[in-house]
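Reading the structure
These are the residues of each chain, in order.
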Amino acid sequence: IEVAKGELLLDHFLAMNPGTVTEEIPGEETMEPAFGLPALWIHEAYRERAELSGYTVVDPISVLATHLTEVVKSHCDELLGRQDVQTLIDSVKQDHPAVVSELVPAMLSVGDIQKVLVCLLKERVSVRDLVSIMETLADTATFTKDPEVLAEYVRRALSRNISRQYIQNNTLTLEPQTENMIVSSVQHSDRGSFVNLDPGSMQQFIGSLSAEIQKLTTAGFHPVLLTSPASRLYVRKLTERIAPNLVILSFAELENQIEVQSVGMVKI
């Protein structure tokens, strides 16, 4: 089943304007496939001129490789199966047998660990540091088996990695009253938790979020929203369809020495 597609012009180069171009170059308008940025297919004869004019110029094979990499990253939560997780656990067990024997299967099954890793991968959090992940699960699985809640604890344990991966000086924040409204609207069922905001509040939230994201992206920043630890998971549930590329971090996931500045507030 097709999940992505693109078109390559093999005798051309993809040129993107980072906002500093001094001279327009003729070419065929297109969209850069990995990140959806406006670009031009230019003939190879214009390559040097485009680079001197300030364009970012990429050859077709690099375009293909970047697009493929991003497609895999955006779907890696679907690619991770139980057998893959078992292989990872066996690898950790070679050097850290104590944490594995304590955790599996006495506290969590392989399937439970898979669900936690999938929660992390959905938001592009690296799961390479499996020792830290499993240590955290061993500490927290005694009082909850909910994979989404366990993933929140793991995120805090991986705060250094997450901070370095995503944080920037300019971020968005969530109005405290709006956070309280979202948390108080959470409902729990046997299929997990969900946010049940009334349609009017939901529409206001979407409008405010879209406007703030637009301002941040126009200024050249990747949209990052900071929330309280209590609301991060539920804000993610609200925004994952309307703003899938929005990075949502809680203040508990920031390293102490990192300073951020709020340049916009999302509110109902």
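What you see as residue numbers is a count from 1 along each chain, following the sequence as written. For this predicted model, a pLDDT threshold of at least 70 governs which residues receive local features, and a threshold of 80 or more governs which side-chain atom pairs are given and counted, while totals over whole chains, interfaces and linings are taken from all residues. Side-chain measures were taken over the full set of non-hydrogen atoms in the model, leaving aside hydrogen atoms and water.

Things to note about the nonpolar core
Core analysis: the biggest nonpolar cluster contains 36 residues, and Leu-103, Ile-113, Leu-117, Ile-133, Leu-137 and Leu-249 have the highest contact counts within it. Elements with a contribution of two residues or more to this core: α3 (82-95), α4 (97-103), α5 (110-122), α6 (130-140), α7 (147-157), α8 (159-166), β8 (224-227) and β9 (247-250). Starting at the N terminus, helices and strands are each numbered in turn, a helix being any DSSP run of H or I of at least four residues and a strand any DSSP run of E of at least two. In terms of residue count, α5 provides more of this core than any other element does, six residues in total. Pairs of residues are marked as contacts when any of their non-hydrogen atoms sit within 4.5 Å. Not counting chain neighbours up to four residues away, the residues in contact with Leu-117 comprise Leu-80, Val-85, Val-127, Leu-130 and Ile-133. In this structure, Leu-172, Val-186, Leu-197 and Ala-243 belong to the second largest nonpolar core, which totals 19 residues. The criterion is simple. A nonpolar core is a set of buried Ala, Val, Leu, Ile, Met, Phe, Trp, Tyr and Cys residues joined through side-chain atoms within 4.5 Å. The buried label goes to any residue with under 20% of its type's maximum accessible area, the exposed label to any with over 50%, and the partly exposed label to all in between, with areas taken from a 1.4 Å probe on protein chains only.

Comments concerning the environment of Leu-108
The residue Leu-108 is located in the loop between α4 and α5 in this model. Given a relative accessible area of 0%, Leu-108 falls into the buried group. When the C-alpha positions of Leu-108 and Thr-142 are compared, they lie 9.5 Å apart, and in sequence the two are 34 residues distant. Contact partners of Leu-108, with chain neighbours within four places excluded, come to Leu-103, Ile-113, Leu-137, Ala-141, Lys-145 and Leu-150.

Overview of helix α2 (residues 60-79)
One turn of the α-helix equals 3.6 residues, which is why residues spaced by three or four share an orientation. Helix length check: α2 (20 residues) gives 26 Å between terminal C-alpha atoms against 28 Å at 1.5 Å per residue, within 8%. For α2, every residue scored as buried is listed here: Pro-60, Val-63, His-67, Glu-70, Val-71 and Asp-77. Those residues of α2 hidden inside the fold are in contact with β1 (12-16), β4 (56-58) and α5. Within 3.5 Å is the distance limit for a polar contact, defined as a pair of N or O atoms, with the added protein rule that one can donate a hydrogen and the other accept it, and that residues adjacent in sequence qualify only through two side-chain atoms. A distance of 3.2 Å separates the backbone nitrogen of Ile-61 from a side-chain oxygen at the start of α2, and that oxygen is part of Asp-59. Given a helix with a known number of residues, its expected span is that number minus one, times 1.5 Å.

Some words on the packing of α5 against α6
Between α5 and α6, the least distance of the axes is 12 Å, while the angle of their chain directions is 120 degrees. When the axes of α5 and α6 are compared, the pair comes out oblique. Handedness of the α5/α6 crossing: right-handed. Contacts between α5 and α6 involve Ile-113, Val-116, Leu-117 and Leu-120 on the former and, on the latter, Leu-130, Ile-133 and Leu-137. We call Asp, Glu, Lys and Arg charged. Ala, Val, Leu, Ile, Met, Phe, Trp, Tyr, Cys and Pro are nonpolar, and the rest, Gly among them, are polar. For the contact of α5 with α6, the residue count by class is seven nonpolar, no polar and no charged. Throughout, an axis means a line fitted to C-alpha atoms (over the contacting stretch in the case of helices), and angles, computed between N-to-C directions, take values from 0 to 180 degrees. Should an angle lie under 35 degrees it is considered roughly parallel, over 145 roughly antiparallel, and from 65 to 115 roughly perpendicular; all remaining angles are considered oblique. Whether a crossing is left-handed or right-handed is set by the direction in which the near helix is turned from the far one by less than a right angle, anticlockwise for left-handed and clockwise for right-handed.

Some words on the packing of α3 against α6
The geometry of α3 relative to α6 is characterised by a closest axis approach of 10 Å and an angle of 95 degrees between their N-to-C directions. Put simply, α3 runs roughly perpendicular to α6. Contact residues: α3 offers Leu-88, Ile-89 and Val-92, while α6 offers Leu-130, Val-131 and Met-134.

Details of the sheet that holds strand β3 (residues 37-43)
Strand order in this open sheet of four strands is β2-β3-β1-β4, and the pairing throughout is antiparallel. At either margin of the open sheet sits one strand with a lone partner, and together these are β2 (28-32) and β4. Put simply, the sheet's adjacent strands are angled 35 degrees from each other on average, direction ignored. Should DSSP find at least two bridges between two strands, the strands are taken to pair. Pairing of β2 with β3, which is carried by five bridges, proceeds in the antiparallel orientation. By the bridge assignment, Glu-28 is partnered in β3 with Trp-41.

Notes on the packing of aromatic side chains
When two rings of Phe, Tyr or Trp (its six-membered ring) have centres within 6.5 Å they constitute a pair, described as stacked for plane angles under 30 degrees, edge-to-face for angles over 60, and tilted for the intermediate range. Under the counting rule described, the total for this entry stands at one aromatic pair. With a centroid separation of 5.7 Å and an interplanar angle of 80 degrees, the aromatic rings of Phe-143 and Tyr-153 are classed as edge-to-face. Within this pair, whereas Phe-143 is found in the loop between α6 and α7, its partner Tyr-153 is found in helix α7, the two being separated by 10 residues in sequence. Judged by its relative accessible area of 29%, Tyr-153 is partly exposed. Working rule: Lys NZ or Arg CZ, within 6 Å of ring centre, within 35 degrees of ring normal, means a charge sits over the ring. Lying across the ring of Tyr-153, Arg-156 places its NZ or CZ 5.4 Å from the centre.

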